[in-house]
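Residues per chain, in single letters:
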Amino acid sequence: MLRISKLPIAIFFAIIICFPWIAKHIPAIGHYPDLMVFAGIYCLITIGLSLLMGYAGQISLCQAAFYGIGAYASGILTVRYGMNPWLCMLIGMGISALVALLVGAPSLKLKGHYLAMATLAFGIIVFIIFNEEVELTGGPDGMRGIPGLSLFGFQFDSVNKYYYLVWAFVFAAFIFTINIIQSRTGRALRAIHSSETAASAMGVNISRFKIIVFIYGAVLASLAGSLYAHYLNFINPSTFDLFVSIKLLIMIALGGMHQIWGAIIGAFLITFLSYEWLHFFGEFEIIVYGGILLLVTIFLPDGLAGIPGIIKGWFRN
Amino acid sequence: MEKITFATQLLQYLITGLTIGSIYAMVALGFIIIYNVTEIINFAQGEFVVLGGLVMVVFHVSAGLPLVIAFPATVVLVMLVGILLDRLAIRPIRKPSVLTLIIATIAASILMKGVAMVIWGKDPFDLQAFSGRDPISFFGAIIQPQYLWVIGFLILITISLSIFFNSTIIGKAMRACADNPDAASLVGIDTKKMILLSFALSAAIGAIAGIIVTPISLMEYDRGVSLAIKGFGAAILGGLGSFPGAILGGLIMGTIESFGAGLISSAYKDAFALIVLLAVLFFKPSGLLGSVEISKMKRF
Amino acid sequence: MKKHMFIFLGALIAFSFILPYTTFAADSYKVGALFAVTGRASFLGDPEKKTAVMVAELINKAGGINGKKLELIIYDTEGDATKTMLFFKKLVNQDKVCAVIGPSLSGTSLAIVDEAKKLKTPLVSCAASYKIVYDAKTKKQRKWVFKTPQTDTMAVEAIYSYLKKRGINKIAIMSVTSGYGKSGHGELVRLAPKYGMDIIADEKYGPKDQDMTVQLTKIKGNPPQAIVNWSIGPTQVVVLRNWKALGMTSIPFYQSHGFGSRKNIKLAAGAAEGVLSPLGGCVVATALPASTQKDVTMKYNKDYQAKYNEPISTFGGHAWDALYLVANALKAAGCDKEGIRNELEKTQNFVGQHGVFNFSPDNHIGLTWQDAFYMTVVKGDDFTLAD
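I will try to describe carefully the structure that is included in this document.

Reading the values: the criteria
- Residue positions are given per chain, counting from 1 as you read along its sequence in written order.
- As a convention, the first chain written is A and the first ligand written is 1, with the rest following in written order.
- Residues qualify for local features only when their pLDDT is at least 70, as the model is predicted, and side-chain atom pairs are given and counted only at 80 or more; totals for whole chains, interfaces and linings, by contrast, use all residues.
- To get the side-chain values, all heavy atoms of the structure are used, and hydrogens and water are removed first.
- Starting at the N terminus, helices and strands are each numbered in turn, a helix being any DSSP run of H or I of at least four residues and a strand any DSSP run of E of at least two.
- For a helix, the expected span equals 1.5 Å multiplied by the number of residues minus one.
- Relative accessibility under 20% of the residue-type maximum defines a buried residue, over 50% an exposed one, and the middle range a partly exposed one, all with a 1.4 Å probe and only protein chains included.
- Two residues form a contact once any of their heavy atoms are found within 4.5 Å.
- By buried area we mean how much accessible surface two parts lose on assembly, using a 1.4 Å probe and totalling the loss over both.
- In what follows, salt bridge is the name for a side-chain nitrogen of Lys or Arg lying within 4 Å of a carboxyl oxygen of Asp or Glu.
- Amino acids are sorted into nonpolar (Ala, Val, Leu, Ile, Met, Phe, Trp, Tyr, Cys and Pro), charged (Asp, Glu, Lys and Arg) and polar (every other residue, Gly among them).
- Note on pairing: two strands pair once DSSP finds at least 2 bridges between them.
- By the criterion used throughout, a crossover qualifies as right-handed when its path from the first strand across the helix to the second strand runs clockwise, the strands pointing away from the viewer.
- Buriedness of a pocket was judged along seven lines, with at least five required to meet protein on both sides within 12 Å; pockets are open sets of points on a 1 Å grid over the protein atoms alone, cavities are sets where a 1.4 Å probe fits but cannot get out, and lining residues have an atom within 4 Å of a point.
- Grid points are joined across faces, edges and corners, and a volume is the space filled by probe spheres set on the points.
- The definition used for a disulfide is geometric: two cysteine sulfur atoms within 2.5 Å.
- Pairing of N or O atoms within 3.5 Å defines a polar contact, subject to two protein rules: one partner must be a possible hydrogen donor and the other a possible acceptor, and residues neighboring in sequence count only if both atoms are side-chain atoms.

### Here we look at helix α5 (residues 145–167) of chain B
In step 1: Here α5(B) contains 23 residues, and its C-alpha end-to-end distance of 33 Å stays within 8% of the 33 Å for a straight helix at 1.5 Å per residue.
In step 2: The set of residues buried in α5(B) consists of B:P145, B:Q146, B:Y147, B:V150, B:F153, B:L154, B:I157, B:L161 and B:F165.

Structure below.
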């Protein structure tokens, strides 16, 4: 599980690079790159969450709050104070890291369901603040006019340009995260996951590692939030509410939380299911969504990323 | 209309807070019953409450059954849903880690919400208050008769549960499962049956909560999540696994919301309850009455 | 088990390829619709969708537009900004619609107003906020965006001027913390000085709260001359019951225009008696004096009741207005987006469900509060005109 082979990664990113060109030639999926931008944004969050949940074994129901902090930092600082978007992005990440440290330090001492509740409560409080501080955030009607991104005069003003920008970030985060997993830190995290007592006896500073991973996840979510804000040019609180945190959790579970690939697969699948494929079912959409989720949970306990393992098992038999 | 005094206002906040808190407490009890046997937090708990209210509307309002028949009929039907939830969503899971189980209950709650939407539509429904809507005056504060029903039922449920778990064989068997499932199955207790029973029992309590709160707050298909969060918060605040904790947690949550809204800011009342919850957890990670042992268990 | 999984996965993959290939009738005018049919704002999107479907059927039954069928493509935004944006782009780029009606919420409408400009597609929003059509930066109406509902500003003005007429100036306001309540709350506070209103209490509650006794008790401690409540969904009914239970009926209770559905009076179980609210024509159709307005609204009430077997709500009327406005523009300009936009802007004396629309380059709202609202009072199980 710690060794991650390079070939699938290369193939995957080759497909990502070619995809806009393919989509252009098939009218029925001509709008898919647009969806892929959002899938990529979700991937950034789930990669961090996967490290936290799958590898360090800590649950978080507040990733949407960090996603929101990033988005609102970018939104508020660019719209109200006219600051440089890239700088705002960094400030957002800094704020998220700080908040994650302040919340994480006491919270991560909590275990299991207590941690779930603490993160859930924090997420709801952040949402209430986004919703209530109308002067600053625009309240439920949201905040519009957030500028797009540009770099050295190059405007990321079309779907495809933004697509490559987002996926460049995903690629970087992905490689960086794989390096963490394969490093000493990764081994320490696995140790924490299987037994905190044993890990601690081996001299692993548990709380430090947990907080670092929590902050890492928060920073990635914040980055995702900034990218979202600059792409949609609009943000409102309900994009960052509890249901989004749950949706992120579902992505991880559906994709498979013990493998980094699970984060990517889950983000893809949920994005396409909820933004594209399921609206075919009209008002029954929510039932189909719940049904698919339940079936995967029952039949694929390791998520979709576990399928290759299952197939390998069949061949061996 | 005469002006009311500050003292009367405080009394009113307390009465309303305790009533709403009783509902939270009932949801929390539902969480605890399943948690104690299975260590699962059943996120579909709020859906039981919704179903309780909506099924009761069908039996009592649409079919015109009298209260004394419609009430138990609703509870039984929702219990069946609880049993189905265990049989169809929880038991078939092949590698039941706690997180997978949580996701399964989230999936089930999404599914149940969707089915409720298709069956009942999106509009809220009303039930008649059990003993009319003429308010009772109490030192200047107002008590809606339905408030008394809510608090009364919480007391009734508490007494029944304590009798059940302390004095009946099945109840004791369930407690044994909760303490040590392996040992319990060694002495011949059918753990699977106990899990099934826990789901049925907690569905029943959810249904009762739904039936009695609908005359106060109406009921519609998507109220489950907010109730589940409040109930989960109450269970955690009181300390997971502890019945008195769940009740205490629920009442405290309700009262904080009520006084927070009345005295400080109604916009941030939900935040107050959660901040208090976080503060308690940071200083006492096992909740108010929870055992330290449980809070230290790590099941992911 | 293995077999099942294969079938399941196969079906999943098949979906992704088959679904996008849905075919459309060739000879038709396509109009897109974005409504929050499910999710937290379904009280808006559900009647809007039902109304739009019904209107499209009526138009097609009457021979369509210029002999072409009107084809309505509806997407459910669930009140989600991201979905709204994706669906809007899809409507324009993939489905090639001539115009778009909706979205249902101010937030989701604001999310796509810039995109409407970029894609040069006329958008007739069904949401309240004036910001949807008014660009604060240029101080001009957004070229491509129109809207049909009365704004919150209008509703507040209707209530405040009525209060002023009655000599009331000390009020308490209550609002739900959702977008609907927040936006009304903002206008209530902003316009209070203009009408000499003194807001002595400002209470809030969540959209899923069980009880508002506490907020009302607080208000009772320092009684105002009137209470103005801004909410939607079950809370607007629960608050009335609490108001009655607390014996506060001597303080007149004003609801927002969102109260406009007879379902609410029924749900309040007697507690709505005497409650005042500014409502659009379609909700009070039976009480209107004989006029074109009365004919138009009565017909809508009758058609809707016959098709869906439930009373109309104020929100469905917004979709009726939006779709007929677009249909009229299509008739004059054909499927030419610039032409449709120009025709919409030229609309004069269009009698809709919520008043008479007169658009102009300086006015993409088209209504004035004086003729878009009737102050009503609940008597028995119906809304009647207040004096």
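The discussion continues.
### Here's the deal with the interface of chain B and chain C
In step 1: Taken together, the contacts link 39 residues of chain B with 37 residues of chain C.
In step 2: In this assembly, chain B packs against chain C so that about 3,300 Å² is buried in total across both faces, 58% of it on carbon and sulfur atoms.
In step 3: Here chain B and chain C share 6 salt bridges between them.
In step 4: We note a salt bridge from C:D209 to B:K269, for which the minimum N-O separation is 2.5 Å.
In step 5: Tallying contributions element by element places helix α1 (residues 6–38) of chain B first for the side of chain B that touches chain C, with 6 residues.
In step 6: Grouping the amino acids of the side of chain B that touches chain C by side-chain chemistry returns 19 nonpolar, 10 polar and 10 charged.

### Notes on the pairing of strand β9 (residues 198–205) of chain C
All names here are of chain C.
In step 1: Here strand β8 (residues 170–176) pairs with β9 via 7 bridges, running parallel. Residue pairing in the sheet places S175 in a bridge with K204 of β9.
In step 2: Taken together, β8, helix α6 (residues 179–191) and β9 form a β-α-β motif whose crossover is right-handed.

### A word on empty space enclosed by the protein
In step 1: The full count for this structure, using the stated rule, is 8 cavities of 30 Å³ or more.
In step 2: Taken as a whole, the largest cavity encloses approximately 140 Å³ of empty space.
In step 3: Around the largest cavity sit 15 residues that line it, and B:I20, B:E257, B:K269, C:D209 and C:D211 are the ones nearest its centre.
In step 4: Of all the secondary structure elements, the ones that give two or more residues to the lining of the largest cavity are α1 and α10 (243–264) of chain B together with α7 (213–220) of chain C.

### Quick look at the state of the cysteines
In step 1: Counted by the stated rule, this structure contains 1 disulfide over all chains.
In step 2: Between the sulfur atoms of C:C98 and its disulfide partner C:C335 the distance amounts to 2.1 Å. As the torsion about the S-S bond is roughly -110 degrees, the C:C98-C:C335 disulfide counts as left-handed. Of this pair, C:C98 sits in the loop between α3 (81–93) and β3 (99–101) while C:C335 is found in the loop between α11 (314–333) and α12 (337–346), placing the two residues 237 residues apart along the sequence.
In step 3: When its relative accessible area of 1% is taken as the criterion, C:C98 is described as buried.
In step 4: Take C:C335: its relative accessible area is 44%, and that puts it in the partly exposed class.
In step 5: Free of any disulfide, A:C18 has its nearest neighbouring cysteine sulfur in A:C43, separated by 17 Å.
In step 6: Using a relative accessible area of 39% as the deciding quantity, one classes A:C18 as partly exposed.
In step 7: Its sulfur unpaired, C:C282 is 12 Å from the next cysteine sulfur, which belongs to C:C126.

### Some words on the interface of chain B and chain A
In step 1: Chain B puts 51 residues into the contact, and the matching count from chain A is 46 residues.
In step 2: Of the roughly 4,300 Å² buried at the junction of chain B and chain A (both faces included), carbon and sulfur atoms supply 79%.
In step 3: Put simply, chain B and chain A have 1 salt bridge between them.
In step 4: Our count for the chain B to chain A interface comes out at 5 residue pairs in polar contact (both at pLDDT 80 or more).
In step 5: Every element with two or more residues in the side of chain B that touches chain A is listed here: α3 (67–90), α4 (98–120), α9 (224–238), α11 (269–283) and α12 (292–296) of chain B.
In step 6: Ranked by the residues each element gives to the side of chain B that touches chain A, the list is headed by α4(B), at 16 residues.
In step 7: Taken together, the residues of the side of chain B that touches chain A break down into 36 nonpolar, 7 polar and 8 charged.

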